[in-house]
Amino acid sequence: MAKLTVFYDYHEEGIVPILLSLRFRPNELDFSKNSLYVPLGAPFQQLNMEEINEFDAGITVLLEDLIVHPGRPHTIGISLSSLKLRHATHLEGLFDIQQLWLRMNDIEEVLQMEVRTLYPWSDSRKPPK
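What counts and how
- Residues numbered from 1 in each chain as written.
- Predicted model: local features only at pLDDT ≥ 70, side-chain atom pairs only at ≥ 80, totals over all residues.
- Heavy atoms only, no water.
- Pairing = 2+ DSSP bridges.
- Helix = DSSP H or I, 4+ residues; strand = E, 2+ residues; numbered from the N terminus.
- Axes fitted to C-alpha atoms, helices over the stretch in contact; angles between N-to-C directions.
- Contact = heavy atoms within 4.5 Å.
- Salt bridge = Lys/Arg side-chain N within 4 Å of Asp/Glu carboxyl O.
- Buried < 20%, exposed > 50% of the residue type's maximum accessible area, 1.4 Å probe, protein only.
- Core = buried A, V, L, I, M, F, W, Y, C linked by side-chain atoms within 4.5 Å.
- Phe/Tyr/Trp six-rings, centres within 6.5 Å; stacked < 30°, edge-to-face > 60°.
- pLDDT = per-residue confidence, 0-100.

1. Examining the sheet that holds strand β1 (residues 3-11)
Read across the sheet, five strands follow the order β4-β1-β2-β8-β5 without closing on themselves; strand pairing throughout is mixed. The open sheet is flanked by β4 (44-48) and β5 (59-61), the only strands paired with a single partner. Between one strand axis and the next, the sheet turns by 30° as a mean value, whatever way the strands run. In the sheet, β1 pairs with β4 via five bridges, with the strands oriented parallel. Note that in β4 the partner of F7 across the bridge is L47. Across the sheet, helix α3 (residues 104-111) lies against β1, β2 (14-23), β5 and β8 (99-103), angled at about 70° from β8, the strand it touches most.

Below is the structure:
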């Protein structure tokens, strides 16, 4: 399964999760499937927004790419067929993609729940000053 990383930033209410990154091993992301489901309660790495590597290429998963499965609570679905369709002109390079980016706001909107509570900032990691 993909490695989950949550990127945090400072807002009025404190340090909050902004982006969710799914990093796959080479050839692990299977675009021959129609969808992918990710458990939101999975172990994850937490990083600051400043720690995003500018060379980390990937595909941004849009709100319309997200799906819900009623039998899988606390899980977000990604329509891989939608990603394939949107990136059809780059299809040959699509299979080399190892990272997907999801906005926390989009996940919350689709699931109609506050998922940020699943990813509180851990005190074990000091934010940069």
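2. Here we look at the pattern of salt bridges
According to the stated counting rule, one finds three salt bridges in the structure shown. Notably, a salt bridge pairs R103 with D106, separated by 3.3 Å at the nearest N-O pair. Taking the relative accessible area as the measure of exposure, R103 reaches 42% and is therefore partly exposed.

3. Some remarks on the nonpolar core
In this structure, L20, L22, I78, L100, L102 and I107 are the most contacted members of the largest nonpolar core, which totals 28 residues. Those residues within four positions of L102 in sequence are excluded, and the remaining contacts are I18, L19, L20, L22, V61, L66, I78 and I107.

4. What about the packing of aromatic side chains?
Scanning the model with the defined rule gives two aromatic pairs in all. For the pair F7 and W101, a centre-to-centre distance of 5.7 Å together with 40° between the ring planes defines the contact as tilted. Placement of the pair is F7 in strand β1 and W101 in strand β8, with a sequence separation of 94 residues. Its relative accessible area of 10% is what places W101 among the buried residues.

5. Digging into the sheet that holds strand β3 (residues 35-39)
Sheet strands pair via backbone hydrogen bonds, and the direction of the pair is either parallel or antiparallel. One open sheet accounts for three strands, arranged β3-β7-β6; its pairing is antiparallel. Of all strands in the sheet, those with a lone pairing partner are β3 and β6 (66-67), marking the two edges.

6. Notes on α3
Burial in α3 covers these residues: M104, D106, I107, E108 and L111. Buried-residue contacts for α3 involve β1, β2, β5, β6, β7 (75-79) and β8.

7. Some thoughts on the confidence of the model for the protein chain
Averaged over the protein chain, the pLDDT score is 84; the fraction of residues at 70 or greater is 90%. Mean pLDDT values over the elements of the protein chain span from 63, in helix α2 (residues 91-94), up to 95, in β6. Below a pLDDT of 50 lies the segment residues 125-129, which in the model reaches twelve contacts outside its immediate sequence neighbourhood of four places, other chains included.

8. Notes on the side chain of S21
Tracing the sequence through the fold places S21 in strand β2. Exposure remark for S21: the relative accessible area of 2% places this residue in the buried category.

9. Describing unusual backbone geometry
With a phi close to 65°, N27 is a non-glycine residue in the positive phi region. Mapped onto the elements, N27 comes out in the loop between β2 and β3. The exposed category is assigned to N27, whose relative accessible area is 69%. One non-glycine residue with positive phi stands out, namely H74, at about 60°. Of note, H74 is situated in the loop between β6 and β7. What makes H74 partly exposed here is its relative accessible area of 42%.

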